[in-house]
Amino acid sequence: MQDNSNDDNKVTLSTLRQMKATQQPIAALTAYDACFARIIDQAGADLVLVGDSLGMVIQAHSTTAKVTMDDMIYHCRCVSPSLSRAYFVADMPFASYSSVAAGVDNAKLLIAEGGAQMVKLEIISPTTINVIRALTEHAIPVCAHIGFCPQTIPDLPSPDTFHRPKVVDEVVLQQANDCIDANVDLLLVECAAEHVGEQIKTMSQTPVIGIGSGSDYDGQIMVMHDVLGISDHSPKFAVNFLATENSISAAFSAYVKAVKSRTFP
Ligand code: KIV
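Residues numbered from 1 in each chain as written. Predicted model: local features only at pLDDT ≥ 70, side-chain atom pairs only at ≥ 80, totals over all residues. Heavy atoms only, no water.

Asker: Could you clarify how one ought to interpret the overall build of the chain in this entry?
Answerer: Assigned secondary structure in the chain consists of 10 helices and eight strands. Over its C-alpha trace the chain gives a radius of gyration of 17 Å, about what one expects of a compact globule, namely 18 Å for 265 residues. Across its three principal axes, the chain shows a C-alpha extent of roughly 45 × 40 × 40 Å. Buried positions account for 53% of the 265 residues belonging to the chain. Summarising the internal contacts of the chain: among those between residues at least 6 apart in sequence, 63% fall at separations of at least 24. Of the charged side chains in the chain, 17 are positive and 29 negative; the average position of the first set lies 3 Å away from that of the second. (Helix = DSSP H or I, 4+ residues; strand = E, 2+ residues; numbered from the N terminus. Rg over C-alpha atoms; globule rule 2.2 N^0.38 Å. Buried < 20%, exposed > 50% of the residue type's maximum accessible area, 1.4 Å probe, protein only. Contact = heavy atoms within 4.5 Å. Lys, Arg positive; Asp, Glu negative; His and termini not counted. Charge placed at Lys NZ, Arg CZ, Asp CG, Glu CD.)

Structure (structure tokens):
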């Protein structure tokens, strides 16, 4: 994938690849509005995701399945102007990539209208791999979300119930292989067994970011509400950084520092 940014300070795909090559951990957070995006950007996060977790933390639904393309574009537009440094990724919501054509059209909308630099999609069916191939052919940077994929199980009560190592290891490694083969630009691994991270990181030239999957990744991502300890249902792996800091910006900075010094998780 070509990377055309001219701004020296801005994190680009090349920066993320360089960080992997030089073993500098990538610190990533979600954001959904202008104010928090600015604070997170200033705290030094390398990557900001407008996640479809907004269905839960912003819209108070019990799953991500009700989030629409309009919701995603709206929140991307709120976040985009606040990011002067962080790389900007947008989630593709439930059913927005059920065919290759829909996936390409909707990814273009998130980039053209939402201002995102990359789209993220969950590996929910064999079609998703074809969507990834089509996106890379259209020069649209793409992140694949593997391991626990909330869009596949819309009524699962909680991600931390997802620990069935044997099956999960095989599934996650197969997903990682398929995505690498499809030339994905970034991998996000949710709730995989700890040792799987090391294997995926080693077999991939692509940066690999983990969540709830142990420490052996090129970076970590968290939902911002979990870092502040204000989610209704935080997953077990969440750490409340605000509990030991005296401001929201200090909590985000502490998270970034913890990821970069590999003291979190
Ligand atoms: O939607 C989201 O917030 C996510 C998390 C894994 C970061 O995908």
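Asker: Sorry if this is basic, but what is going on with the pattern of salt bridges here?
Answerer: Pairs may arise between side chains of opposite charge once their charged atoms sit close together. Using the criterion set out here, one finds eight salt bridges in the structure. For aspartate 218, the salt bridge is made with lysine 20, and the minimal N-O distance between the two is 2.8 Å. Within this pair, whereas aspartate 218 is found in the loop between β7 (208–211) and β8 (219–222), its partner lysine 20 is found in helix α1 (residues 13–21), the two being separated by 198 residues in sequence. The pair aspartate 218 / lysine 20 is uniform in exposure class, with both members buried. (Salt bridge = Lys/Arg side-chain N within 4 Å of Asp/Glu carboxyl O.)

Asker: Can you help me understand the side chain of glutamine 151 in this one?
Answerer: By the secondary structure assignment, glutamine 151 is in the loop between β5 (142–147) and α7 (165–181). When its relative accessible area of 4% is taken as the criterion, glutamine 151 is described as buried. A polar atom in the side chain of glutamine 151 sits 3.2 Å from the backbone oxygen of methionine 92. For glutamine 151, the side chain forms a polar contact with the side chain of tyrosine 97, separated by 2.8 Å. Residues within four places of glutamine 151 in sequence aside, it is in contact with Asp52, Thr64, Met92, Pro93, Phe94, Tyr97, Glu122 and Ile124. (Polar contact = N/O pair within 3.5 Å; in protein donor to acceptor, adjacent residues only side chain to side chain.)

Asker: Which parts of the structure should I look at to understand the packing of aromatic side chains?
Answerer: Note on aromatic pairs: each is described by the distance of the centres and the angle between the planes. Going through the model one piece at a time under the given rule, you end up with four aromatic pairs. Their ring planes at 80° and their centres at 5.7 Å tell us that phenylalanine 241 and tyrosine 255 sit as a pair that is edge-to-face. Placement of the pair is phenylalanine 241 in the loop between α9 (224–227) and α10 (248–260) and tyrosine 255 in helix α10, with a sequence separation of 14 residues. Looking at phenylalanine 241, the relative accessible area reads 10%, which means it is buried. Using a relative accessible area of 0% as the deciding quantity, one classes tyrosine 255 as buried. Between phenylalanine 241 and phenylalanine 264, the ring centres sit 5.6 Å apart and the planes meet at 75°, which makes this aromatic pair edge-to-face. (Phe/Tyr/Trp six-rings, centres within 6.5 Å; stacked < 30°, edge-to-face > 60°.)

Asker: Would you mind going over the environment of alanine 192 with me for this structure?
Answerer: Following the sequence through the fold, alanine 192 ends up in the loop between β6 (186–190) and α8 (194–203). Since its relative accessible area comes to 1%, alanine 192 is described here as buried. Expressed as a C-alpha distance, the spacing of alanine 192 and phenylalanine 94, which sit 98 residues apart in the sequence, is 21 Å.

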